[in-house]
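# Close look at the chain arrangement
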Amino acid sequence: MSDQIEFDQLVAPDYPVFLGSEIQQPAPDEAAFHVIPVPYEESVSYGGGTAQGPRAILEASWQLETWDGVSTPSDLGIYTQPPVDMEGEAATIIDRIAESTRFAAEQGAMPVALGGEHTVTYGVIKGLLSAGESDFGVVQIDAHADLRDAYEGNPLSHASVMKRIVDLGIPLYQLGIRAFCHEEVACRETHQGQIYHQDANQLVPHNIQQIELPESFPSKVFFTVDIDGLDPSVFPSTGTPVPGGLGWYQTLSLFDSVARQRQIIGFDLMEHAPIAGFHAYDFAASMLVYKLMGIVQRNRQRNS
Ligand SMILES: [Mn+2]
């Protein structure tokens, strides 16, 4: 794809700005959204390639229309940050992700992180905390619970990312989970009142489009989307695909139902691993990001 399109707005070599075909890169403090590319791929357990995810999503975004079918999210301003530097050890990279996230928050913008493996979300959450966000919950769409205390000895594995977040005392609501182990079931039981869930076997066969967050759930929400939470018929472009996942419209509806109940303070899309020759999935991933921005935009208008 990059062989055919010449990108005239870049944030780093080979990294075009999000939607750069349609909008000029604004100043960082004039954007409601900061897209943060994080090509992190360290602990991937099965199929690889998610380090290529952020760039593929940015490239594909040049094919989007600014009108998302309902509103024009780009009117709020979308700033694309340079990709996070991947040199060094996992803990160092996590700190850099946190810095980029904090920068977004300090500019008054909502971080929109593009992965990369799901571990990235831990850095984003640390960044929100360091920016002074304290009382928020996380809503997670995923095929996997990611609640192992460590995976293959690694506490910063993509399979442990939600455990790291739970260990920070942050409430968690899981959606679409359908592949998990006994340790993760036990973790949910240990953390009753902190971890909530509606798994795929409830959501998908019953075509549930909305959830109701518990009253005690914080008023602010960070929303993390592992692309494997959607069904592999929509997104086979991921390292650990699992059948029986959420549909396209169902995902958008569930996100909207959360945005109607709580203030979204950021979101991410993780684990997209482009498949050479199948650019449909890159485009779908970029459209999903833009559609989520649109839902944020419309709920802001509704609530203001
Ligand atoms: Mn995950």
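Scoring rules and cut-offs
Residues numbered from 1 in each chain as written. Predicted model: local features only at pLDDT ≥ 70, side-chain atom pairs only at ≥ 80, totals over all residues. Heavy atoms only, no water. Donors = N, O, S within 2.8 Å, 3.2 Å for Na, K, Ca; no water. Helix = DSSP H or I, 4+ residues; strand = E, 2+ residues; numbered from the N terminus. Buried < 20%, exposed > 50% of the residue type's maximum accessible area, 1.4 Å probe, protein only. Polar contact = N/O pair within 3.5 Å; in protein donor to acceptor, adjacent residues only side chain to side chain. Contact = heavy atoms within 4.5 Å. Phe/Tyr/Trp six-rings, centres within 6.5 Å; stacked < 30°, edge-to-face > 60°. Pairing = 2+ DSSP bridges. Right-handed = clockwise from strand over helix to strand, strands pointing away.

A four-donor tetrahedral metal ideally has 109.5 degree angles, and a six-donor octahedral metal ideally has angles of 90 or 180 degrees. Distances from the manganese ion to its protein donors, His-118 (ND1), Asp-142 (OD), Asp-146 (OD) and Asp-226 (OD), fall within 2.2 to 2.3 Å. In the primary structure, the donors to the manganese ion are separated according to the pattern H-x23-D-x3-D-x79-D. Here Asp-142, found in the loop between β6 (136–141) and α4 (161–167), pairs with Asp-226, found in strand β9 (residues 220–226); they are 84 residues apart in sequence, far enough to count as distant. Like Asp-226, Asp-142 is buried.

Along the chain, the position of Gln-9 falls in the segment before β1 (10–12). Note on Gln-9: relative accessible area 11%, which makes it buried. Among the polar contacts made by the side chain of Gln-9, one reaches the main-chain carbonyl oxygen of Gly-20 at a distance of 2.8 Å. Within the local environment of Gln-9, its side chain forms a polar contact with the backbone nitrogen of Gln-25, the two atoms lying 3.0 Å apart. In contact with Gln-9, not counting residues within four places along its chain, are Tyr-15, Pro-16, Val-17, Gly-20, Ile-23, Gln-24, Gln-25 and Trp-62.

With respect to the helices, strands and loops of the structure, Arg-164 is situated in helix α4. The exposure class assigned to Arg-164 is buried, which follows from its relative accessible area of 12%. For the pair Arg-164 and Ile-125, spaced 39 residues apart in sequence, the C-alpha to C-alpha distance is 10.0 Å. Beyond its immediate sequence surroundings of up to four residues, Arg-164 is in contact with Tyr-122, Asp-149, Pro-155 and Leu-156. Looking at Arg-164, its side chain comes within polar contact range of the main-chain oxygen of Pro-155, at 2.7 Å.

This paragraph deals with the packing of aromatic side chains. The relation between two aromatic rings is expressed through the spacing of the ring centres and the mutual angle of the planes. Under the defined criterion, the tally for this structure stands at nine aromatic pairs. Taken together, the aromatic side chains of Tyr-173, Tyr-196 and Phe-217 make up a single cluster linked through ring pairs.

As defined by bridge partners, strand β7 (residues 172–175) adjoins strand β8 (residues 195–198) across four bridges and the pair is classed as parallel. Looking at the pairing, Gln-174 lines up with His-197 of β8. Note that the unit made of β7, helix α5 (residues 182–190) and β8 has a crossover that is right-handed.

The element strand β3 (residues 33–38) is largely enclosed, with a buried count of six among its six residues. A two-sided burial pattern is seen for β3, the buried positions comprising Phe-33, Val-35 and Pro-37 on one face and His-34, Ile-36 and Val-38 on the other. Pairing geometry for β3 and strand β4 (residues 78–80), over three bridges, is parallel. Residue pairing for β4: Phe-33 is matched across the bridge by Ile-78. Between β3 and its parallel partner β4, the chain crosses via helix α1 (residues 53–60), and the hand of that crossover is right-handed. By the bridge criterion, six bridges tie β3 to strand β5 (residues 110–115) in an arrangement that is parallel. When the bridges of β5 are listed, Pro-37 appears paired with Leu-114.

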